[in-house]
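# Structural overview for review
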Amino acid sequence: MQPHQSRFLDLALSRQVLRFGQFTLKSGRASPYFFNAGLFDSGAALAALGECYADTLLASGLGFDMLFGPAYKGIPLATALAVALAARGRDVPVAFNRKEAKDHGEGGLLIGAPVRGRVLVVDDVITAGTAIRESVGLIRAAGGEPCGVLIALDRQERGQAGERSAAQEVSDEFGIPVLAVASLDDLLAHADERPDLAAHKPALLAYRERYGVRR
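Notes on the structure in this doc start here. (Residues numbered from 1 in each chain as written. Predicted model: local features only at pLDDT ≥ 70, side-chain atom pairs only at ≥ 80, totals over all residues. Heavy atoms only, no water.)

## A short note on the packing of helix α6 (residues 184-193) against helix α7 (residues 201-211)
Between α6 and α7, the least distance of the axes is 10 Å, while the angle of their chain directions is 155 degrees. The orientation of α6 with respect to α7, classified from their angle, is roughly antiparallel. Once α6 is placed against α7, the crossing between them reads as left-handed. Note on element contacts: α7 touches α6 through K201, L204, L205 and R208, opposite L184, D185, L187, L188, A191 and D192. Looking at the contact of α6 with α7 residue by residue, the class counts come to six nonpolar, no polar and four charged. (Axes fitted to C-alpha atoms, helices over the stretch in contact; angles between N-to-C directions. Helix = DSSP H or I, 4+ residues; strand = E, 2+ residues; numbered from the N terminus. Parallel < 35°, antiparallel > 145°, perpendicular 65-115°, else oblique. Left-handed = near helix turned anticlockwise from the far one by under 90°. Contact = heavy atoms within 4.5 Å. Nonpolar A, V, L, I, M, F, W, Y, C, P; charged D, E, K, R; others polar.)

Dropping the structure here:
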């Protein structure tokens, strides 16, 4: 596991973005952990998170020209990443969408920089892939081309319809990579390094055994 992945998981734990217990997911599954990126809710937390996204993106070597944040959680995440990249000397344009078109002022569904070139979609997680599919349609309609998706956490579990995860389905459907700052595998490895997390590992392993994707 890379240092930025450990930093990310420690940050998520300290902000209670990542919690352990019994949680019922939208899918109906009972999960021993829950991830809520909305709790990265301060300037310091978003700055630290942006650095983790930037480390992941730059380590991947993926080529991109601009960032796109799907409404709503993707908006501050793409912004935080753009700020982190600017601090490293790369000033990248950012755009995002509205949930509903605006018929006054500047109008339209898109806000920010003109969408063009290779566009990286930045979000928190991929659950059903709905927001990503909508983003791809908006980007292409505006004249850009999606080049990848960057998320915070990959739960690495099967979707409702098959043996692939939501991230794998998006990657296969659009022919673009889906990058994650960390995954369930990384969380399990992190539990080996932090004694306070050791008690949660059996439940995480059981959940992966039941719902995990084939690797």
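Once the structure has been displayed, the description carries forward.
## So, the pattern of salt bridges
Per the stated rule, a full pass over the model turns up 15 salt bridges. Ionic pairing is found between R133 and E173, a salt bridge with its closest N-O pair at 2.8 Å. Here E173 lies in helix α5 (residues 166-174) and R133 lies in helix α4 (residues 130-141), a separation of 40 residues in the sequence. On the basis of relative accessibility, which here comes to 45%, the residue E173 falls in the partly exposed class. Of the charged contacts, one joins R140 and E145 as a salt bridge, the two residues approaching to 3.2 Å between their closest N and O atoms. A relative accessible area of 38% places R140 in the partly exposed class. If you follow the salt bridges from partner to partner, you end up with R7, E51, D55 and R88 in one network. (Salt bridge = Lys/Arg side-chain N within 4 Å of Asp/Glu carboxyl O. Buried < 20%, exposed > 50% of the residue type's maximum accessible area, 1.4 Å probe, protein only.)

## Describing helix α3 (residues 74-87)
In this model, α3 (14 residues) spans 20 Å end to end at C-alpha, consistent with the 20 Å of a helix rising 1.5 Å per residue. Considered for burial, the residues of α3 that qualify are G74, I75, L77, A78, A80, L81, A82, A84 and L85. Just downstream of α3, G89 is the residue with a positive phi angle, here 100 degrees. (Expected span 1.5 Å × (residues − 1).)

## Concerning the packing of aromatic side chains
Overall, the coordinates contain six aromatic pairs when judged by the stated rule. For the ring pair F8 and F35, a centre distance of 6.1 Å and an interplane angle of 45 degrees mean the geometry is tilted. One end of the pair, F8, is in helix α1 (residues 3-14); the other, F35, is in strand β2 (residues 30-35), with 27 residues separating them in the sequence. Aromatic pair Y33 and Y207: ring centres 6.3 Å apart, planes at 90 degrees, arrangement edge-to-face. Here Y207 lies in helix α7 and Y33 lies in strand β2, a separation of 174 residues in the sequence. (Phe/Tyr/Trp six-rings, centres within 6.5 Å; stacked < 30°, edge-to-face > 60°.)

## Structural notes on the packing of α1 against helix α2 (residues 43-60)
One way to put it is that α1 packs onto α2 with a least axis distance of 9 Å and a crossing angle of 150 degrees. The orientation of α1 relative to α2 falls into the category roughly antiparallel. As α1 packs across α2, the resulting crossing turns out to be left-handed. Judged by residue contacts, H4, R7, F8 and L11 of α1 engage A45, A48, L49, E51, C52, D55 and T56 from α2. Of the residues belonging to the contact of α1 with α2, the class tally is six nonpolar, two polar and three charged.

## Comments concerning the layout of surface pockets
Rolled over the atoms, a probe as big as a water molecule pinpoints where empty space is left. If you add up the space inside the largest pocket, you get close to 990 Å³. The wall of the largest pocket is formed by 39 residues, among which K26, V125, I126, T127 and A128 lie closest to the centre. Those elements giving two or more residues to the lining of the largest pocket turn out to be β2, α4, β7 (144-154) and α5. Here the element with the most residues in the lining of the largest pocket is α4; it accounts for four residues. When its residues are assigned to classes, the lining of the largest pocket shows 16 nonpolar, 11 polar and 12 charged. (1 Å grid on protein atoms, 1.4 Å probe; cavity = no way out; pocket = protein on both sides within 12 Å on 5 of 7 lines; lining within 4 Å. Points joined across faces, edges and corners; volume = space filled by probe spheres on them.)

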